[in-house]
Number of protein chains: 2
Amino acid sequence: MAAETRERILEAARLTVQDRGYGGLSFRELAAEVGIKSASIHYYFPTKGELGGALASRYTADFAAYLDALLEQELDLPTCMARYTDVFGNTLRNANRICLAASLAAELSELPDEVRIEVARFGRMNENWLARALSAGVAAEPEECRRRARAIFAAVTGAQLIARARGDTALYDEVIASYRASGLLP
Amino acid sequence: MAAETRERILEAARLTVQDRGYGGLSFRELAAEVGIKSASIHYYFPTKGELGGALASRYTADFAAYLDALLEQELDLPTCMARYTDVFGNTLRNANRICLAASLAAELSELPDEVRIEVARFGRMNENWLARALSAGVAAEPEECRRRARAIFAAVTGAQLIARARGDTALYDEVIASYRASGLLP
DNA sequence: CCGTGTCTACCTGACGATAGATAGTCATTG
DNA sequence: CAATGACTATCTATCGTCAGGTAGACACGG
């Protein structure tokens with residue numbers, strides 16, 4: 001039970017931000033969900049900015065761990081990409097939530113610096129991973145891989161956002177299929 | 001000066017939401033920008049939800065008007081698409097703002113119903129327009145046009161979001177170029 | 001084995017700031 | 001005169017934050 005409360009706070013905070021944004025996250029509501037008092041959250045995270053930073057940092061780390069394990073399976077490129085887009089698809093299907101970084105990016109000017117930095121880090125991490133995955137599959141030049149990686153990350157993020165805005169999860173899969181058909185997605 | 005204040009409120013509110021999200025919009029700050037008192041805004045928009053709804057509705061209408069005028073110019077398809085992506089690019093270059101609907105979509109669960117409805121309407125409008133533009137240029141079947149239209153709208157939205165998150169406007173143009181190179185964008 | 005000190009993991013209670021909202025007032029304009 | 005458009009003043013709710021307290025666990029010197 002030691003550091004478990006800290007985990008539960010981070011988990012609950014993540015789910016809230018993915019659904020309602022950084023502004024929709026309040027210490028009191030969060031505390032009620034976890035089953036403690038709001039002041040206790042300050043014990044673990046002195047300020048909201050530190051909570052947001054820890055949250056985003058953790059998110060990137062978890063995401064990266066999953067993706068790296070995926071790359072080690074040495075799947076063929078289309079399957080690997082399908083797994084990648086599935087991560088975002090599952091988030092969407094799971095109570096209509098979007099990528100934490102996308103949620104935060106929309107409110108960028110409202111964020112403390114430490115959170116903003118983490119949002120950018122998440123983007124770079126995805127870009128790096130995608131570039132690696134692409135270069136392993138096709139013999140394209142590094143710069144072309146990087147450009148394509150950015151495009152894929154942006155496109156997948158957008159698909160998630162507009163599918164949710166329309167309240168239709170199936171739209172995500174349809175858009176991803178269209179990306180594949182057009183040649184954007186291997 | 002009659003209905004002019006109302007316009008100034010809507011304009012200022014739009015800029016704020018595009019930068020800081022719906023939650024970042026407050027009556028007091030907005031009033032200060034316009035040069036009136038917060039109570040006076042309630043005269044025009046009794047609740048925040050009504051302000052948000054009017055704002056999003058106006059945004060969609062203005063956007064649609066511009067796009068329809070674009071279509072009437074009967075440009076070739078690549079040029080037409082370039083004009084379309086330029087709209088989002090200009091928004092981004094203009095003080096690092098994103099599409100109003102994308103900003104709102106990220107906070108979807110925080111929005112009053114009337115605003116949520118308008119966000120979905122904006123998406124449908126873009127999809128409809130893009131489908132029309134595509135069908136005028138290439139002899140593709142209607143359903144294929146629609147799917148492609150959705151994909152383009154999603155991809156462009158995503159490009160805007162991640163370019164801002166990374167704090168690099170040039171990233172948007174690069175991603176758009178990559179969409180074109182991969183075949184997603186005509 | 002007892003007492004003292006320190007640490008963890010919370011809690012109570014309150015702070016000032018700010019949020020959206022409203023009732024009532026008043027000057028200007030047609 | 002009556003409608004319009006803005007005002008003052010205030011309400012209640014909620015926000016992040018903080019000072020300070022407490023119950024229990026653990027270590028250690030005598």
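What counts and what doesn't
- Residues numbered from 1 in each chain as written.
- Chains lettered and ligands numbered in written order.
- Predicted model: local features only at pLDDT ≥ 70, side-chain atom pairs only at ≥ 80, totals over all residues.
- Heavy atoms only, no water.
- Contact = heavy atoms within 4.5 Å.
- Salt bridge = Lys/Arg side-chain N within 4 Å of Asp/Glu carboxyl O.
- Polar contact = N/O pair within 3.5 Å; in protein donor to acceptor, adjacent residues only side chain to side chain.
- Helix = DSSP H or I, 4+ residues; strand = E, 2+ residues; numbered from the N terminus.
- Core = buried A, V, L, I, M, F, W, Y, C linked by side-chain atoms within 4.5 Å.
- Buried < 20%, exposed > 50% of the residue type's maximum accessible area, 1.4 Å probe, protein only.
- Near = heavy atom within 4 Å.
- Disulfide = S-S within 2.5 Å.
- Axes fitted to C-alpha atoms, helices over the stretch in contact; angles between N-to-C directions.
- Parallel < 35°, antiparallel > 145°, perpendicular 65-115°, else oblique.
- Left-handed = near helix turned anticlockwise from the far one by under 90°.
- Nonpolar A, V, L, I, M, F, W, Y, C, P; charged D, E, K, R; others polar.
- Least-squares fit on C-alpha atoms with pLDDT ≥ 70 in both.
- UniProt positions renumbered as here; feature names shortened; annotations may be inferred.
- Expected span 1.5 Å × (residues − 1).
- Arc of directions from axis to C-beta.

An unreviewed UniProt entry lists chain A under the name TetR/AcrR family transcriptional regulator, with Lichenicoccus roseus as the source organism.

Caption draft 1: Spatial organisation of the interface of chain A and chain B. Contact residues are listed per partner, giving 42 residues for chain A and 41 residues for chain B. Our count for the chain A to chain B interface comes out at six salt bridges. For E174 of chain A, the salt bridge identified is with R150 of chain B, shortest N-O distance 2.5 Å. At the junction of chain A and chain B, the tally comes to 14 residue pairs in polar contact (both at pLDDT 80 or more). Ranked by residue count, the leading element in the side of chain A that touches chain B is helix α8 (residues 142–165) of chain A, at 14 residues.

Caption draft 2: Structural context of the nonpolar core. Counting 134 residues, the largest nonpolar core has Y179 of chain A together with Y179 of chain B as its most contacted members. Dropping the residues within four chain positions of it, Y179 of chain B is found in contact with A151, A154, A155 and L184 of chain A together with A155, V156, A159, L184 and L185 of chain B.

Caption draft 3: Molecular detail of the protein's contact with DNA strand D. Around DNA strand D, a shell composed of 16 residues is seen, among which R28, H42 and K48 of chain A together with S40 and Y44 of chain B lie nearest. Take the atoms of DNA strand D that sit within 4 Å of the protein: sugar and phosphate atoms are 60% of them. Taking T5 of chain B, its side chain carries an N or O atom lying 2.8 Å from a phosphate oxygen of DNA strand D. In terms of residues, the surface near DNA strand D owes the most to one element, helix α3 (residues 38–44) of chain B, which gives four residues.

Caption draft 4: Looking closely at the protein's contact with DNA strand C. In the region of DNA strand C, 18 residues are neighbours, and T5, K37, S40 and Y44 of chain A together with R28 of chain B sit closest. Sugar plus phosphate: this is where 55% of the atoms of DNA strand C within 4 Å of the protein reside. Contacts to DNA strand C include F27 of chain B, whose backbone N or O atom sits 2.8 Å from a phosphate oxygen. For DNA strand C, a base nitrogen lies 3.2 Å from a polar atom in the side chain of H42 of chain B. If you list the elements that add at least two residues to the surface near DNA strand C, you get α3 (38–44) of chain A together with α2 (27–34) and α3 of chain B. The element best represented in the surface near DNA strand C is α3 of chain A, accounting for four residues.

Caption draft 5: Molecular detail of the state of the cysteines. The full count for this structure, using the stated rule, is zero disulfides over all chains. Here C80 of chain A stays unpaired: no disulfide links it, and the sulfur of C145 of chain A, its closest cysteine neighbor, is 13 Å away. Exposure remark for C80 of chain A: the relative accessible area of 4% places this residue in the buried category. With no disulfide of its own, C99 of chain B lies closest to C80 of chain B among cysteine sulfurs, the gap being 17 Å.

Caption draft 6: Examining the packing of helix α1 (residues 4–20) of chain A against helix α2 (residues 27–34) of chain A more closely. Residue and element names in this part refer to chain A. At a closest axis distance of 10 Å, the pairing of α1 and α2 adopts a crossing angle of 125 degrees. One element, α1, and the other, α2, form an angle in the oblique class. Classified by chirality, the crossing of α2 by α1 is right-handed. Seen from α1, the contacting residues are T5, R8, I9, A12, A13, T16 and R20; seen from α2, they are E29, L30, E33 and V34. Taken together, the residues of the contact of α1 with α2 break down into five nonpolar, two polar and four charged.

Caption draft 7: View of unusual backbone geometry. Residues and elements named next belong to chain A. A positive phi angle, close to 65 degrees, is found at A95, a residue other than glycine. Take A95: it is sitting in the loop between α5 (77–93) and α6 (100–106). Note on A95: relative accessible area 47%, which makes it partly exposed.

Caption draft 8: Looking closely at the relation of the copies chain A and chain B. At an RMSD of 0.1 Å, chain A and chain B line up after a rotation of 180 degrees and a shift of 0.0 Å along the axis. This pairing of chains is accounted for by a two-fold axis. In this assembly the copies share their binding face: 98% of the residues contributing to the interface of chain A also contribute to that of chain B.

Caption draft 9: How the structure looks around the environment of D173 of chain B. Residues and elements named next belong to chain B. Inspection of the secondary structure assignment puts D173 in helix α9 (residues 169–182). Exposure remark for D173: the relative accessible area of 36% places this residue in the partly exposed category. Separated by 14 residues in the primary sequence, D173 and A159 have C-alpha atoms spaced 8.5 Å apart. Within the structure, D173 has its side chain in polar contact with the side chain of R93 (distance 3.0 Å).

Caption draft 10: Molecular detail of the UniProt feature "DNA-binding region" (unreviewed entry) in chain A. If you check UniProt for "DNA-binding region" (unreviewed entry), the listed places come out as residues 26–45 of chain A in our numbering. Helix makes up 75% of residues 26–45 of chain A and strand 0%. Its end C-alpha atoms lie 13 Å apart.

Caption draft 11: Spotlight on helix α9 (residues 169–182) of chain A. Between its first and last C-alpha atoms α9 of chain A spans 21 Å; for 14 residues at 1.5 Å apiece the expected length is 20 Å, and the two agree. Of the positions making up α9 of chain A, those classed as buried are L171, Y172, V175, I176, S178, Y179 and S182 of chain A. The arc that holds every buried residue of α9 of chain A, seen down its axis, measures 155 degrees, which confines them to one face. Residues of α9 of chain A that are buried in the fold lie against α5 and α8 of chain A together with α8 (142–165) and α9 of chain B.

Caption draft 12: Representation of the pattern of salt bridges in the model. Here the structure, examined in full by the defined rule, presents 28 salt bridges over all chains. One salt bridge connects R58 of chain A with E7 of chain A, and the closest N-O pair in it is separated by 2.8 Å. You can see R58 of chain A sitting in helix α4 (residues 48–72) and its partner E7 of chain A sitting in helix α1, a full 51 residues away along the chain. Relative accessible area serves as the criterion here: at 34%, E7 of chain A is assigned to the partly exposed category. A salt bridge links E110 of chain A to R20 of chain B; its shortest N-O distance comes to 2.8 Å. Of this pair, E110 of chain A sits in the loop between α6 and α7 (113–137) while R20 of chain B sits in helix α1 (residues 4–20), placing the two residues on different chains. Overall, E110 of chain A belongs to the partly exposed group, its relative accessible area being 32%.

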